[in-house]
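# Examining the three-dimensional arrangement
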Amino acid sequence: MRSFWYLITISLTGSLIQKGIKAFAGELKDTPTAANLLQESERKEQELAKLSEALRRQEEEYEIASRALNDHQKDKRELLERLKDVQLKIYTGTARLEEKKKSAQTLELELDVSFKESYLSNVIKVYKQAKNEGVAGVHGILADLLDIPEELHICCDTILKKKLYSLVVDNLETASRIIAINKRLKGKEIIVYPLTMFDDFKDFRQEYPDTQDAVIVVESIKQKEGDFPYDLQPLINDLFGRILLTRNYKVALKFSKQYNLTCLTTQGEIVYPGSYLTKVGFNESRKEVFQLYKAYSALTDEAEKTSRELEALDREKEDLGNKATRIEREILAGLKNKILLEGELRRLKEEIQLKKFDKQEQERSLALEDLDDVRLGMLAKSNFDQFC
């Protein structure tokens, strides 16, 4: 009987010890230390993910900044090439302009010699001054406004003389301003044609001979083509309407008397109305005046065109210089930003490495903690088995 109760006591004691060991082994896994390690590991995992995302965004920003910097540097190279090209054009254009000006001055002197005075240079000076002052209604020098066939150059120049190189304006008020400018410049004689004074010649009528021995000059003189705000035909009618270019002196004498016209022969003889011969043969000093003037006018037009091109090139040069300066500032800002981004990338990468190392250490600590719990449980079980 005694042995029976002894067995029961041993059995109950073993059962209680076994329950205690199991309870103890279970509590080990729920200790505050293990829970904290798990929470800390999860937190570090989240931080690492955030840092990785920040690194990705930073790398994208760095790539964008690098591309922008490369684009700016490419733009700068292209701008500098363009600037170099513009500077070369300015240099060659300036040399070309100076050459044209010298040639024009030479022709101007020749023209003054042809006129035996500085009439034409004075007209040109007044015209340029009027343009500089912005005087409205000044159309230009008559010879530049007309389309005269080459075969009539000498004819028109011989008969009209200075009139062919007069200034054409819109009305009397503008003519008064031109005359005032001429006085202010202390110029000599100048001829000004206000178009309003020739309104009576719009319906000009003149009888001409029907013959092949003469050319009706007015029919060959035209206003230059273009969108001009004026009509030169009344002035053309007045200046050229009573002129014939005839085959010879006999024909000139006949038509001058019969039709009351000024007739010019191909030999340079002029017969005025009333059959009065006033000139025989061309004056060699004036023979090529119109051709000289056309050459001079072409040169001055080219010079003005070159001047406008140079002004445009100067503006382009300034604009390119400003753009180059802006791009240079953008490049410097881009370099600074790139350096800052590179530093931030290095910092993020180092921080990620530290976080990874810290996380690995945390995981090892947690693994060791779990291993200790298992060992304690196994030890308790071994002791219980031995006791039983």
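Scroll up to find the structure.
Residues numbered from 1 in each chain as written. Predicted model: local features only at pLDDT ≥ 70, side-chain atom pairs only at ≥ 80, totals over all residues. Heavy atoms only, no water.

## Structural notes on helix α6 (residues 172-184)
To keep things clear, this is the line we draw: We count a stretch as a helix when DSSP gives it H or I for four or more residues in a row; a strand needs E for two or more, and each element gets its number in order from the N terminus. Expected helix span is computed as 1.5 Å times (number of residues minus one). The contact criterion used throughout is that any non-hydrogen atoms of two residues lie within 4.5 Å. Counting of polar contacts relies on pairs of N or O atoms within 3.5 Å, with two restrictions inside protein: one atom must be capable of donating a hydrogen and the other of accepting it, and residues adjacent in sequence are counted only when both atoms are side-chain atoms.
The terminal C-alpha atoms of α6 lie 18 Å apart, and with 13 residues this matches the ideal 18 Å at 1.5 Å per residue to within 8%. Packing partners of the buried residues in α6 comprise α3 (119-132), β1 (138-141), β3 (167-169) and β4 (192-194). Capping of α6 at its N-terminal end is provided by Asn171; its side-chain oxygen lies 3.2 Å from the backbone amide nitrogen of Glu173. Backbone geometry just after α6 places Lys186 at a positive phi near 60 degrees.

## Some points on helix α8 (residues 249-259)
We apply this condition: Only protein chains enter the calculation, and the probe is 1.4 Å; a residue is then buried if its accessible area is under 20% of its type maximum, exposed if over 50%, and partly exposed in between. It is the directions from the helix axis to the C-beta atoms whose arc is reported.
Within α8, burial applies to Val251, Ala252, Phe255, Ser256 and Tyr259. Relative to the axis of α8, the buried residues are bounded by an arc of 125 degrees and lie together on one face. Pointing more than 90 degrees away from the buried face of α8 are the exposed residues Lys250, Lys254 and Lys257. For α8, the elements touching its buried residues are β5 (214-216), β7 (243-246), β8 (262-265) and β9 (270-272). Residue Asn248 occupies the N-cap position of α8, its side-chain oxygen lying 3.2 Å from the main-chain nitrogen of Lys250. Trailing α8 by a residue or two, Asn260 shows a phi angle of about 60 degrees, which is positive.

## Remarks on unusual backbone geometry
A negative phi angle characterises most non-glycine residues, just as the trans form characterises most peptide bonds. One non-glycine residue, Lys161, lies in positive phi territory at about 55 degrees. Relative to the assigned elements, Lys161 resides in the loop between α5 (153-160) and β3. For Lys161, a relative accessible area of 32% gives the class partly exposed. In the Ramachandran plot, Asn260 falls in the positive-phi region, its phi being about 60 degrees despite a non-glycine side chain.

## Here we look at the packing of α3 against α6
How we decide: For helices, the axis comes from a line fit to the C-alpha atoms of the stretch in contact; other axes are also lines fit to C-alpha atoms, and the angle between any two N-to-C directions lies between 0 and 180 degrees. In what follows, roughly perpendicular refers to angles from 65 to 115 degrees, roughly parallel to angles under 35, roughly antiparallel to angles over 145, and oblique to any angle outside these ranges. Two helices that cross are described as forming a left-handed crossing if the nearer one is turned anticlockwise from the farther one by less than a right angle, and a right-handed crossing if clockwise. Each residue is assigned to one of three groups, with Ala, Val, Leu, Ile, Met, Phe, Trp, Tyr, Cys and Pro labelled nonpolar, Asp, Glu, Lys and Arg labelled charged, and all others, Gly among them, labelled polar.
Interaxial distance between α3 and α6 falls to 10 Å at its minimum, and their mutual angle equals 115 degrees. As summarised for this structure, α3 and α6 are arranged roughly perpendicular, according to the angle between their axes. With respect to the hand of their crossing, α3 and α6 are arranged in right-handed fashion. Every residue of α6 that contacts α3 at Asn122, Val126, Gln129 and Ala130 is listed here: Ile178, Ile181, Asn182 and Arg184. When its residues are assigned to classes, the contact of α3 with α6 shows four nonpolar, three polar and one charged.

## Some remarks on the sheet that holds β4
Put simply, the rule reads: For two strands to be treated as a pair, DSSP must find at least two bridges joining them.
Strand order in the open sheet made by the three strands is β1-β3-β4, with mixed pairing throughout. Each of the sheet's edge strands pairs with one partner strand only, and the pair in question is β1 and β4. If you compare each strand with its neighbour and ignore which way they point, the axes differ by 20 degrees on average.

## Side note on the nonpolar core
Note the cut-off: Definition of nonpolar core: a set of buried residues of the types Ala, Val, Leu, Ile, Met, Phe, Trp, Tyr and Cys, connected through side-chain atoms within 4.5 Å.
In terms of nonpolar packing, the biggest core is built from 70 residues, with Leu146, Leu164, Tyr165, Ile178, Val217, Ile221 and Phe240 touching the most fellow members. For this core, the leading source of residues is α3, giving seven residues. Leave out the neighbours within four places in its chain, and Ile221 touches Leu146, Asp147, Ile148, Pro149, Leu152, Cys156, Ile236 and Phe240. In this structure, Leu79, Ala303, Leu310 and Leu313 belong to the second largest nonpolar core, which totals twelve residues.

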